[in-house]
Each structure stands twice: as C-alpha cells, then as structure tokens.
Amino acid sequence: MLRLSFILIAFLTLVAACTTTTGPAIGTDGLPLPQIYRIGAADAADVQFRMLDGINSLRQASGAAPIIMDARLNAAAATHSRDMSVQNRPWHFGSDGSSALDRGVRVGYTGRILGETISETYETELETLAAWMQLADTREVILDRAASKIGFAWHQEANGKIWYTLVLGT
C-alpha cells in the first residue's frame, strides 16, 4: 500500500509539472494588457458614487467644498456619452452642434455649467479620474471651487469601450 501511494504521488507530481499556467498577457511596454471593465445595470449607482467619492476626496485635499450629484446633470452627461459613441469620437460638441451649456438647458438645469470632462477608454471610472487629474485643464474643472453639483454618466459599447462624461455646475 505504501509503495502504491508513493507511485501515485510521484505520478501526480510529474503530471502537475507538465501543466502550464498562463499569467496575464503582457504588452510591448512590459505591463499587463488591460482587461475589459464591464459595467452592469446593477453597478450603475456604485460607479456614480465611487466617482463622486473620489472627486470629493480630491476636492477636500485641495481645500474645495464637496459637491453633490444632480439628476439633471446626470441626464445631460448620459445624453452626451451616448452621442459621442454614435459619433465615434470624444469631443465636447454633440452631433447637433450642442455644447455642455446647451445640454444643461435642455434638461432644465438652472445653475451655471462650469465645465465638462470626457473620455473614451476601457478603464474604470477611478482610473479615468486619475487620468483627468494628470491634465491641467480637466483637473481645473474637477477642483473648481465654485462647483457644487456634478453630473456623471457613461455609455458602454458591446466591445467594452466606455464613453464617460462629467459635468460640473453651480
């Protein structure tokens, strides 16, 4: 019995040594290739509040007051995210020539629109926020001390590409 157990263990060890494990795919830069980040319908509120919490943490660190989510600005951001996807380009003008100001008026927002940040990416909302904070113009919008309201939305295509829009207002 002992001999049979030894042979079985040796055989299993040999078989285990023959299997290969694959780690993450590595890009030409030596870093792991990005994974597709899927946002499900059940994740929508979590994604929005992670972005809000992230922005408020950054604002607090800079001495700016916290901001709150605004449903009308969320609607304006959602419309623009979907429209950018249809146009297949990240830019601040809608397919009808509308600006962030126009989209705010259309959803009945009565405050002042201070700025808009956009992104075409496969990254998470927090990776996108980190990328926005590395650019002076988008960082300035996010940390604008006059801001008190935020709208944040996205549109994700079937291939995983995400179109993010963030709008800040008074």
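As a reminder, the structure under discussion sits directly above these lines.
Residues numbered from 1 in each chain as written. Predicted model: local features only at pLDDT ≥ 70, side-chain atom pairs only at ≥ 80, totals over all residues. Heavy atoms only, no water.

Observations concerning the overall build of the protein
Line of reasoning, step 1. The helix and strand tally for the protein stands at six helices and four strands.
Line of reasoning, step 2. Considering the protein as a whole, with its 170 residues, one finds that 39% of them fall into the buried category.
Line of reasoning, step 3. When contacts within the protein are restricted to residue pairs at least 6 apart in sequence, those whose partners lie at least 24 apart make up 67%.
Line of reasoning, step 4. Here the protein displays about 10,100 Å² of accessible surface, and carbon together with sulfur accounts for 61% of that area. (Helix = DSSP H or I, 4+ residues; strand = E, 2+ residues; numbered from the N terminus. Buried < 20%, exposed > 50% of the residue type's maximum accessible area, 1.4 Å probe, protein only. Contact = heavy atoms within 4.5 Å. Areas by Shrake-Rupley, 256 points an atom, 1.4 Å probe, with all protein chains shown as cover.)

Section: the packing of helix H2 (residues 44–62) against helix H5 (residues 125–133)
Line of reasoning, step 1. H5 packs onto H2 with a crossing angle of 30 degrees between their chain directions and a minimal axis gap of 9 Å. The crossing of H2 and H5 is right-handed. Within the contact between the two elements, H2 uses Val47, Arg50, Met51, Gly54, Ile55 and Leu58 and H5 uses Glu125, Leu126, Leu129, Trp132 and Met133.
Line of reasoning, step 2. Its residues placed into classes, the contact of H2 with H5 shows eight nonpolar, one polar and two charged. (Axes fitted to C-alpha atoms, helices over the stretch in contact; angles between N-to-C directions. Left-handed = near helix turned anticlockwise from the far one by under 90°. Nonpolar A, V, L, I, M, F, W, Y, C, P; charged D, E, K, R; others polar.)

A closer look at the pairing of strand E4 (residues 162–169)
Line of reasoning, step 1. In terms of residue burial, E4 counts as a mostly covered element, since eight of its eight residues are buried.
Line of reasoning, step 2. Residues Ile162, Tyr164, Leu166 and Leu168 line one face of E4 and the alternating positions Trp163, Thr165, Val167 and Gly169 line the opposite face, and both faces are buried.
Line of reasoning, step 3. Note: strand E3 (residues 149–156) against E4, eight bridges, orientation antiparallel. Note on E4: the bridge partner recorded for Phe152 is Leu166.
Line of reasoning, step 4. Between E3 and the antiparallel strand that follows it, E4, lie five residues; Gly160 among them carries a positive phi value of about 100 degrees. (Pairing = 2+ DSSP bridges.)

Topic: the environment of Ile113
Line of reasoning, step 1. With respect to the secondary-structure elements, Ile113 resides in strand E2 (residues 113–121).
Line of reasoning, step 2. Sequence separation between Ile113 and Ala100 is 13 residues; the distance between their C-alpha atoms is 7.2 Å.
Line of reasoning, step 3. Excluding anything up to four places from it in sequence, Ile113 contacts Leu73, Ala100, Leu101, Gly104, Val167, Leu168 and Gly169.

A short note on the nonpolar core
The tendency in soluble globular proteins is for nonpolar side chains to be buried side by side.
Line of reasoning, step 1. Grouped together as the largest cluster of nonpolar side chains are 21 residues, with contacts concentrated most on Ile55, Trp132, Ile142, Phe152, Tyr164 and Leu166.
Line of reasoning, step 2. Those elements giving two or more residues to this core turn out to be H2, H5, helix H6 (136–142), E3 and E4.
Line of reasoning, step 3. The next biggest cluster of nonpolar side chains, apart from the first, holds seven residues, and it includes Leu73, Ala77, Tyr109 and Ile113. (Core = buried A, V, L, I, M, F, W, Y, C linked by side-chain atoms within 4.5 Å.)

By themselves, these are just geometric observations and shouldn't be taken as functional.
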